[in-house]
Amino acid sequence: MHKVIKDAELRMQKTIESFKQAMQKLRTGRANPSLLEHIRVDYYGNEVPLNQVGNISIGDARTLIVTPFEKRMVPIIEKAIMTSDLGLNPATSGEIIRVPLPVITEERRKEFTKLVRNEAETARVSIRNVRRDANTELKELLKNKQIAEDEERRLGEAVQKLTDKFTVEVDHLLAAKEKDLMAI
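Residues numbered from 1 in each chain as written. Predicted model: local features only at pLDDT ≥ 70, side-chain atom pairs only at ≥ 80, totals over all residues. Heavy atoms only, no water.

Draft legend 1. Looking closely at the packing of aromatic side chains. All chains considered together, the criterion is met by one aromatic pair. Above the face of the Tyr44 ring, Arg72 is positioned so that its terminal group lies 4.2 Å from the ring centre. (Phe/Tyr/Trp six-rings, centres within 6.5 Å; stacked < 30°, edge-to-face > 60°. Lys NZ or Arg CZ within 6 Å of the ring centre and 35° of its normal.)

Structure follows, in structure tokens:
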């Protein structure tokens, strides 16, 4: 496989991974530890992700449990969760922080669906930008006579096939997340 194709495929795969991470941050009706992983906590003067100062686990379908590695981190973690943009109210019992997830209303589910669709469109645009960059690079190689016209056309078709493959993957991930969000 040509270097341009490999580079384009790698960049498109990174876009898919980024899209998956963005979707994990959007909560559905069930508890998921990835919901809290992006929260930053002050740890001895440094801002670190929550999963580096405590263990995040699932208590039941609507409860997350955070167990800090150090006892003194309990109030700091609790405050970080409260001030996050997730709208969660943690409850501390000893050294364990329980984070109950409220039931999502139909209106909120629709808002989440709009956000997911927006993230999907951003991922598609990013994939198309990778395609554009790869095609530009191929045209540059043709201009510098490093590849023939036939090879440029064949590689351009390969880039388009990659674009179609990754766009379909974004659509499948979007459909699965929408179904998950709208399930009661």
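Don't stop here, the text continues.
Draft legend 2. Geometry of the nonpolar core. By size, the foremost hydrophobic cluster in this structure holds 26 residues, and its most contacted members are Met12, Phe19, Val116, Ile127, Leu138, Phe166 and Val170. Only helix H1 (3-25), helix H4 (106-143) and helix H5 (149-182) provide two or more residues apiece to this core. At nine residues, the largest contribution of residues to this core is made by H4. Ranked by size, the runner-up nonpolar core spans 21 residues in total, among them Val53, Val66, Met73 and Ala80. (Core = buried A, V, L, I, M, F, W, Y, C linked by side-chain atoms within 4.5 Å. Buried < 20%, exposed > 50% of the residue type's maximum accessible area, 1.4 Å probe, protein only. Helix = DSSP H or I, 4+ residues; strand = E, 2+ residues; numbered from the N terminus.)

Draft legend 3. Structural detail: helix H3 (residues 74-83). The set of residues buried in H3 consists of Val74, Ile77, Glu78, Ala80 and Ile81. Along H3, the residues classed as buried sweep out an arc of 160 degrees about the axis, all on the same side. Exposed positions of H3 whose direction lies more than 90 degrees from the buried face are Pro75, Lys79 and Thr83. Where H3 is buried, its residues meet strand S1 (40-43), strand S4 (63-68), strand S5 (91-93) and strand S6 (96-100). (Arc of directions from axis to C-beta. Contact = heavy atoms within 4.5 Å.)

Draft legend 4. How the structure looks around the sheet that holds S6. Taken together, the four strands give an open sheet; going across it, the order is S3-S4-S6-S5, and neighbouring strands pair in antiparallel fashion. In this open sheet, the two edge strands, each paired with only one partner strand, are strand S3 (54-60) and S5. Ignoring strand direction, the axes of neighbouring strands in this sheet form an average angle of 25 degrees. Strand direction decides the pairing type here: S3 and S4, joined by six bridges, are antiparallel. Within the sheet, the bridge partner assigned to Gly54 lies in S4 and is Pro68. (Pairing = 2+ DSSP bridges. Axes fitted to C-alpha atoms, helices over the stretch in contact; angles between N-to-C directions.)

Draft legend 5. Quick look at H4. Over its 38 residues, H4 runs 55 Å from end to end, which matches the ideal 56 Å to within 8%, given 1.5 Å per residue. Turning to H4, its buried residues number three or more, namely Arg109, Phe112, Thr113, Val116, Ala120, Ala123, Arg124, Ile127, Val130, Ala134, Leu138 and Leu141. Summarising the contacts, the buried residues of H4 are in contact with H1 and H5. Looking one or two residues beyond H4, the residue adopting positive phi is Lys145, at roughly 60 degrees. (Expected span 1.5 Å × (residues − 1).)

Draft legend 6. Region of interest: the pattern of salt bridges. Considering all chains together, one arrives at 13 salt bridges under this definition. Glu121 serves as the salt-bridge partner of Arg128, at 3.1 Å between the closest nitrogen and oxygen. In this structure Arg128 comes out as partly exposed when scored by relative accessible area, which is 32%. What makes Glu121 partly exposed here is its relative accessible area of 34%. Several salt bridges converge on common partners, so that one network encompasses Glu121, Arg124, Arg128 and Asp171. (Salt bridge = Lys/Arg side-chain N within 4 Å of Asp/Glu carboxyl O.)

Draft legend 7. Spatial organisation of the packing of H1 against H4. The interhelical angle for the contact between H1 and H4, taken along N-to-C directions, is 170 degrees, at an axis separation of 10 Å. When the interaxial angle is binned, H1 and H4 end up roughly antiparallel. Here the contact of H1 with H4 is built from residues that sort into 15 nonpolar, two polar and six charged. (Parallel < 35°, antiparallel > 145°, perpendicular 65-115°, else oblique. Nonpolar A, V, L, I, M, F, W, Y, C, P; charged D, E, K, R; others polar.)

Function-wise, these values are silent; they only describe arrangement.
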